[in-house]
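If you want the building blocks of each chain, they are given just below.
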Amino acid sequence: MNVLLLGSGGREHALAWKISQSDKLKNLFIAPGNAGTSTIGENINIDLNNFSSIKQTVIEKNINLVVVGPENLLVNGIQDFFINDTDLKNIPIIGPSKIGAQLEGSKEFAKKFMLRHNIPTAKYLSVSLETIDAGINFLEQLSSPYVLKADGLAAGKGVLILNTLSEATQSLTEMLNGKFGEAGKRVVIEEFLKGIEVSFFVITDGNSYKMLPEAKDYKKIGENDTGLNTGGMGAISPVLFANSEFKQKVETQIIIPTINGLKKDNISYKGFLFFGLMNVKGNPFVIEYNVRLGDPESEVILPRIKSDILDLFQGLANNNLNTKTLQISNDTVSTVMLVSGGYPQSYEKGKEIKNIDSVKDSIVFHAGTKIHNNKIITNGGRVLAISSYGKNINDALSKSYKNSEKIQFEGKYYRKDIGFDL
Ligand code: AMP
Ligand code: GLY
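All values reported here derive from a predicted model rather than from experimental measurement.

Participant: Hey, could you go over the overall build of the chain for me, with residue numbers and the actual values?
Facilitator: A tally of helices and strands in the chain yields 12 helices and 22 strands. Relative to the globule expectation of 22 Å for 422 residues, the C-alpha radius of gyration of the chain, 21 Å, shows essentially globular dimensions. For the chain, the spread of C-alpha atoms along the three principal axes comes to 60 × 50 × 40 Å. In the chain, once contacts between residues fewer than 6 apart in sequence are set aside, the share between residues at least 24 apart is 68%. Accessible area for the chain stands at about 17600 Å²; split by element, carbon and sulfur atoms hold 46% of it. Averaging the locations of the 47 positively and 45 negatively charged side chains of the chain gives two centres separated by 3 Å.

Participant: Explain the pattern of salt bridges to me, using residue names and the numbers behind them.
Facilitator: Applying the stated rule across the entire model yields 26 salt bridges. Between Glu-12 and Arg-11 there is a salt bridge; the shortest N-O distance is 2.8 Å. The same class applies to Glu-12 and to Arg-11, which are both buried. With a shortest N-O distance of 3.7 Å, Lys-219 and Glu-197 are connected by a salt bridge. Taken as a pair, Lys-219 in the loop between β12 (216–217) and β13 (220–222) and Glu-197 in strand β10 (residues 196–204) lie far apart in primary sequence, 22 residues in all. A relative accessible area of 30% means that Lys-219 is categorised as partly exposed. On the basis of relative accessibility, which here comes to 38%, the residue Glu-197 falls in the partly exposed class.

Participant: Can you explain the site of ligand 2? Please cite residues and give values.
Facilitator: Near ligand 2 the following residues occur: Asp-217, Gly-231, Phe-274, Asn-290, Arg-292, Gly-294, Asp-295, Pro-296 and Glu-297. Here a nitrogen atom of ligand 2 and a side-chain polar atom of Asp-217 are 2.7 Å apart. At 2.9 Å from a nitrogen atom of ligand 2 is found a side-chain nitrogen or oxygen belonging to Glu-297. Its free accessible area being 200 Å², ligand 2 has 89% of it covered by the protein chains.

Participant: Tell me what's going on with the site of ligand 1, and back it up with residues and numbers.
Facilitator: Near ligand 1 lie 15 residues; those nearest to it are Glu-190, Glu-191, Leu-193, Glu-197 and Glu-288. Between Lys-107 and ligand 1, the recorded distance is 3.0 Å, taken from a side-chain N or O atom to an oxygen atom. A distance of 2.8 Å separates a nitrogen atom of ligand 1 from a polar atom in the backbone of Leu-193. Notes on ligand 1: free accessible area 470 Å², of which the protein chains cover 90%. Elements with a minimum of two residues in the shell around ligand 1: β7 (146–150), β8 (159–162) and β17 (283–290). Tallied by class, residues from the shell around ligand 1 come to 8 nonpolar, no polar and 7 charged.

Participant: Describe in detail the sheet that holds β8, supporting the description with residues and values.
Facilitator: Taken in spatial order, the 4 strands of this open sheet run β6-β9-β7-β8, and their pairing is antiparallel. The sheet is open, and its two borders are formed by β6 (124–128) and β8, each paired with just one other strand. Neighbour-to-neighbour, the strand axes of this sheet turn through a mean angle of 20°, independent of strand direction. Here β7 pairs with β8 via 4 bridges, running antiparallel. Bridge pairing in β8 places Val-147 opposite Ile-161. The sheet strands contacting helix α6 (residues 107–116) are β6, β7 and β9 (186–190), and the helix crosses β9 at an angle near 45°. On the sheet, helix α7 (residues 132–141) packs against β6, β7 and β9 and is oriented at approximately 150° with respect to β6.

Participant: If you had to explain a nonpolar patch on the surface to someone new, which residues and values would you point to?
Facilitator: On the surface, a nonpolar cluster with roughly 230 Å² of combined accessible area is contributed by Val-159, Ile-161 and Phe-192. Structurally, Ile-161 is set in strand β8.

Participant: Provide a residue-level description of unusual backbone geometry, including the pertinent values.
Facilitator: Following Ala-31, the chain continues to Pro-32 via a peptide bond in cis, the omega torsion being -10°. Structurally, Pro-32 can be placed in strand β2 (residues 27–32). Asp-295 connects to Pro-296 through a cis peptide bond whose omega is 20°. If you trace the backbone, Pro-296 turns up in the loop between β17 and α10 (298–301). At Asn-62, a position not held by glycine, the phi torsion is positive, near 55°. By secondary structure assignment, the location of Asn-62 is in the loop between α2 (51–60) and β4 (65–68). We note that Asn-374 has phi near 65°; this positive angle belongs to a residue other than glycine. Among the structural elements, Asn-374 can be located in the loop between β20 (369–372) and β21 (375–378). On the basis of relative accessible area, Asn-374 is assigned to the exposed category, the value being 79%.

Cut-offs used in this document
- Residues numbered from 1 in each chain as written.
- Chains lettered and ligands numbered in written order.
- Predicted model: local features only at pLDDT ≥ 70, side-chain atom pairs only at ≥ 80, totals over all residues.
- Heavy atoms only, no water.
- Helix = DSSP H or I, 4+ residues; strand = E, 2+ residues; numbered from the N terminus.
- Rg over C-alpha atoms; globule rule 2.2 N^0.38 Å.
- Contact = heavy atoms within 4.5 Å.
- Areas by Shrake-Rupley, 256 points an atom, 1.4 Å probe, with all protein chains shown as cover.
- Lys, Arg positive; Asp, Glu negative; His and termini not counted.
- Charge placed at Lys NZ, Arg CZ, Asp CG, Glu CD.
- Salt bridge = Lys/Arg side-chain N within 4 Å of Asp/Glu carboxyl O.
- Buried < 20%, exposed > 50% of the residue type's maximum accessible area, 1.4 Å probe, protein only.
- Near = heavy atom within 4 Å.
- Polar contact = N/O pair within 3.5 Å; in protein donor to acceptor, adjacent residues only side chain to side chain.
- Nonpolar A, V, L, I, M, F, W, Y, C, P; charged D, E, K, R; others polar.
- Pairing = 2+ DSSP bridges.
- Axes fitted to C-alpha atoms, helices over the stretch in contact; angles between N-to-C directions.
- Patch = residues over 30% accessible without salt bridge, like charges linked within 9 Å, V, L, I, M, F, W, Y side chains within 5 Å.

What follows is the structure in C-alpha cells.
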C-alpha cells in the first residue's frame, strides 16, 4: 500500500523507519519530513495547515493510508476533514476525531472526562477570568507547589509549577489576562502529585486496544532534571519500576476505563493514545493524555515493536485490531537527543552536521534537520535522536553516548545523565 505520513520530527522519522520495514508497503511519502525521512521515503513539501494540499497529495500519490504524527492536525480536525470529504472518506487515517483529540487539546475536557469515568488524576478546578476569585480560593486550599495549566495546546510550555502562593496567584492572573494567548484564557489549577513519571501508550481501534512498550522521557534541559522544560532530551524503554503489578493497575484503573469512556461518550478514536502518568507510591495517576505518540518516546518504543506496524494500522482501519498480534522485544532501547545550543530558548539553525555515517551501532533518527546543498544541516532545536538497543540500560546508553560524541555540529548539546534515576 501507499502510505502518507504527516509530520517532520524525530517521532515521524521513527514511524517512517518502522513503516518502511513492512512487507505491505509499496511507497512511503512523508510530508513535509526531514533529511532522515528523505532516505527512506519521498518527502513532500506541503503546508500541513492547509488540509486541501494534503487532500491533493493523497489523490495524486494514490495514498491508501494516512498516519498523523503531531497533535495540532488532530486537534484541528484532520480526521473529520477526511470523513466528511467524498473523495477521502474511504481512506483510513491513523489518529482520532477532533472531539477525541480534545483529550489533549483541552486540559479541562480531559479532566472532566477522567472525573466522569473515574480515572485517577489530581484534584483540580478550571477557571476563567470571570471566576478568578474561585481559583485563588482553590489555590489557598492546596499546598505548595502549585500547578497551573493553560487549557489549550501550548507546545509543551503551558504548564507552570510555582513554589509560593503569591507566585501562583500572580501567574494565574497573568495567564488569564492572556500571557499564553488563547490557550491560557482558561486555566486548570491542579493539586501537585509527588512521584516518578512514566509514559504508557496504546493503539486502539475504538473497541479493543494493544499496550505498546512504556517509556520514560527526560523533559528538562539540564542534568538532574534542572532548568527549562523541553520537548524531551532522551528516553528509555522499558521502565523497570513499572513492574507487572504497576502495569496491571495502569491497565485496569486507567487504560480500560479510558477506552470504555470513549465508547460510552460516543467518541470515535482510532489511533495512538499516550498516558502521561505519575507513579505515586505505586499507584498510577494521569497527568495528561496525548492523542499521538511521544517524541522522543517514539524513538525508543517503535524499535521495540517486532510486529508489522502496517498490519496493526490495518487492524484500526478494519476494526479488527483484536485479531492482530503485537510482539515486543525484551531489549532495552535508549535515546539521547542532540540539540542546538541555546535550545529551548533561541538557537541558530543551518549548522552542518558531520559524522552521521560513522555511526554503526545506533539508529540516528533525525528530528530537526534538512538537506541544503547536498549537506545535512540543523533545522530545529532538537536535531537528532541517537537510539540504541542493549541488554540493559547501561549497555544501550553506552552506545547512544559513544555515538552522540562522534556526531558533530556547532553548538551541539546533550544531557549526559539520561536514565540517571533508573
Ligand atoms: P503536562 O503538559 O500536563 O504533561 O505537564 C507538564 C509537566 O508538568 C509534566 O510532565 C509533569 O512533570 C508536570 N506536572 C503536570 N501536572 C502535574 C501535577 N499535577 N503534579 C506534579 N507535576 C505535574
Ligand atoms: N515527550 C513528551 C511528548 O511527546 O509530549
